[in-house]
Amino acid sequence: MKIMSGNSNLPLARAVAAYLELPLTDASVRRFADEEVFVEIHENVRGEDVFVVQPTSFPCNDNLMELLICIDALRRASAKRITAVVPYFGYARQDRKPGPRTPISAKLVANLITQAGADRVLSVDLHAGQIQGFFDIPTDNLFAAPVMSADIQARYGEQELMVVSPDVGGVVRARALAKRLDNAPLAIVDKRRDKPGQSEVMNIIGDVKGRCCILIDDIIDSGGTLCNAAQALLDAGAKSVTAYITHGVLSGGAVARVNNSALTELVITDSILATDATKDSTRIRTLTIAPLLGEAIRRIADESSVSSLFD
Ligand code: R5P
């Protein structure tokens, strides 16, 4: 087995390799003067089971191109099996046509990864489970919930918890987390979004008075959804609001928005490389998913059960 990395999240790839007690595959993933991506693998990978760790986060298109070219290089170097390990799958939110004459870009990206030569895909908290079906190759979708629930129990386990989904679409994810937290009660924020990038809280379904609310979502991007939901929960009588979000996209002024929000803290994972602003924020804490990914990779290589990781 070999672990190779592009440039999008080297610390995570190194941590995964360390979990597996393997060195990272010796390769250069660099740019020509005109920004073309060039990949060169400096060791033999013929007949190897290779896992390429490359979340397609900002800059999304560059990181996607690196992933595709790494896969192409491995295929031409006769790797036996190539797994695209894409902890954060960019374009996932474009998983359906929101209107006439619009693309389904998540499907296009799935086609590109498959056509490049990937044999399998490994991702974490895909925006929608059905994106697995966009790939005609085996695709494992891991959940960060066990990592989050362990942290919630340790930090907030003594309090009267309430798990909250920030929108109707996230209820299944929130219910799964609530189940892990001794069947904590569930509330839902009924959010209406008029324009992309803007969010408006309309209503809270459930009684959150006096509760320590745990907001759960897959992505924080502009932070609008989360910060508005936190304020609405406090206005409805919640004692405190903490957010657990798998993918800290945190674009534009999101970190400042979180720093100035009503949230006690925002907890994200290291699926996406943290910016300096994120690292400097005293309101944002990061949990690592390296052991989760490492264990899933070990099980894929051994051909043992991945789903039993979540029993
Ligand atoms: C939407 O369906 C996602 O689950 C997130 O709620 C959304 O992407 C968050 O975006 P933002 O932080 O920009 O409000």
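For the structure, see preceding data.
Note on numbering: residues in each chain are counted from 1, in written sequence order. Confidence filtering applies because this is a predicted model: local features only for residues at pLDDT of at least 70, side-chain atom pairs given and counted only at 80 or more, and all residues used for totals across whole chains, interfaces and linings. Hydrogen atoms and water are omitted, and side-chain values are computed over all heavy atoms in the structure.

Colleague: I'm lost on the side chain of Thr269 in this one. Help?
Modeller: Secondary structure counts use DSSP, requiring at least four H or I residues in a row for a helix and at least two E residues in a row for a strand, with both numbered from the N terminus. Along the polypeptide, Thr269 turns up in strand S13 (residues 265-269). A polar side-chain atom of Thr269 sits 2.7 Å from the main-chain carbonyl oxygen of Thr246. Any pair of N or O atoms that falls within 3.5 Å is considered a polar contact. Within protein, one atom must be able to donate a hydrogen and the other to accept it, and sequence-neighbouring residues count only if both atoms are side-chain atoms. A distance of 3.2 Å separates a polar atom in the side chain of Thr269 from the backbone nitrogen of Ser271.

Colleague: In this structure, what is going on with helix H3 (residues 105-116)? I would like to understand it.
Modeller: Along an α-helix, a turn takes 3.6 residues, which lines up residues three or four apart on a common side. In a regular helix each residue adds 1.5 Å, so 12 residues correspond to 16 Å; H3 covers 16 Å between its end C-alpha atoms and thus fits that length. Note on classification: 1.4 Å probe, protein chains only; a residue is buried when its accessible area is under 20% of the maximum for its type, exposed when over 50%, partly exposed between these limits. Along H3, the residues that are buried comprise Ser105, Ala106, Val109, Ala110, Ile113 and Ala116. On an axial view of H3, the arc spanned by its buried residues comes to 145°, and they lie on one face. Whether two residues are in contact is decided by their heavy atoms: any pair within 4.5 Å suffices. Packed against the buried residues of H3 are helix H2 (60-76), strand S5 (81-86) and strand S6 (120-124). Positive phi shows up at Gly117, right after H3, with a value of about 130°. In this scheme, a helix's expected span is set at 1.5 Å multiplied by one less than its residue total. Throughout, the arc means that of the directions going from the helix axis to the C-beta atoms.

Colleague: Would you explain the site of the ligand in this entry?
Modeller: For each residue, the test is whether any non-hydrogen atom lies within 4 Å of the molecule or strand; if one does, the residue is near. Around the ligand there are 13 residues in total, and Asp217, Asp218, Ser222, Gly223 and Thr225 lie nearest to it. In the model, an oxygen atom of the ligand is placed 2.8 Å from a nitrogen or oxygen of the Asp221 main chain. Methods summary: accessible areas were calculated by the Shrake-Rupley approach with a probe of 1.4 Å, and residue burial reflects only the protein chains presented. In isolation the ligand has 380 Å² of accessible area, and contact with the protein removes 87% of it. Breaking the shell around the ligand down by element, the ones donating at least two residues are strand S11 (212-220) and helix H6 (224-235). The biggest single contributor to the shell around the ligand is S11, with 4 residues. Under this grouping Gly is polar, as are all residues other than the nonpolar Ala, Val, Leu, Ile, Met, Phe, Trp, Tyr, Cys and Pro and the charged Asp, Glu, Lys and Arg. Class assignment of the residues belonging to the shell around the ligand gives a composition of 2 nonpolar, 5 polar and 6 charged.

Colleague: Explanation requested: the packing of H2 against H3 in the structure shown.
Modeller: What describes two packed helices is the angle between their axes and the distance between those same axes. Where H2 contacts H3, the axes come no closer than 8 Å and their chain directions differ by 25°. Here H2 is positioned roughly parallel relative to H3, judged by the angle of their axes. Note on element contacts: H3 touches H2 through Val109, Leu112, Ile113 and Ala116, opposite Leu64, Leu67, Leu68, Ile71, Asp72 and Arg75. Class assignment for the residues of the contact of H2 with H3 results in 8 nonpolar, no polar and 2 charged. Axes here mean lines fitted to C-alpha atoms, for a helix over just the part in contact, with angles spanning 0 to 180 degrees between N-to-C directions. Any angle between 65 and 115 degrees counts as roughly perpendicular, while under 35 counts as roughly parallel, over 145 as roughly antiparallel, and the rest as oblique.

Colleague: Sorry if this is basic, but what is going on with the sheet that holds strand S1 (residues 2-5) here?
Modeller: Whenever strands of a sheet pair, they do so through backbone hydrogen bonds, lying parallel or antiparallel. Within the open sheet, the 5 strands sit side by side as S1-S4-S5-S6-S7. Their pairing is parallel. The strands lining the two open edges of the sheet, one partner per strand, are S1 and strand S7 (139-142). The sheet shows a mean angle of 20° between the axes of neighbouring strands, direction not considered. Strands were regarded as paired on the criterion that DSSP finds at least two bridges between them.

Colleague: What is the right way to read the pairing of S5 from this model?
Modeller: The side chains of a regular strand alternate, first on one face of the sheet and then on the other. Of all 6 residues in S5, 6 are buried; the element is thus mostly enclosed. Burial along S5 is two-sided: Arg81, Thr83 and Val85 and Ile82, Ala84 and Val86, pointing in opposite directions, are all buried. Summarising the sheet, strand S4 (residues 49-53) and S5 pair through 5 bridges and their orientation is parallel. By the bridge assignment, Val50 is partnered in S5 with Ile82. Here S5 pairs with S6 via 4 bridges, running parallel. Bridge pairing in S6 links Val85 to Leu122. For the handedness criterion, the β-α-β arrangement of S5, H3 and S6 is classed as right-handed. By convention, a crossover is right-handed whenever its connection, traced from the first strand over the helix to the second and viewed with the strands pointing away, goes clockwise.

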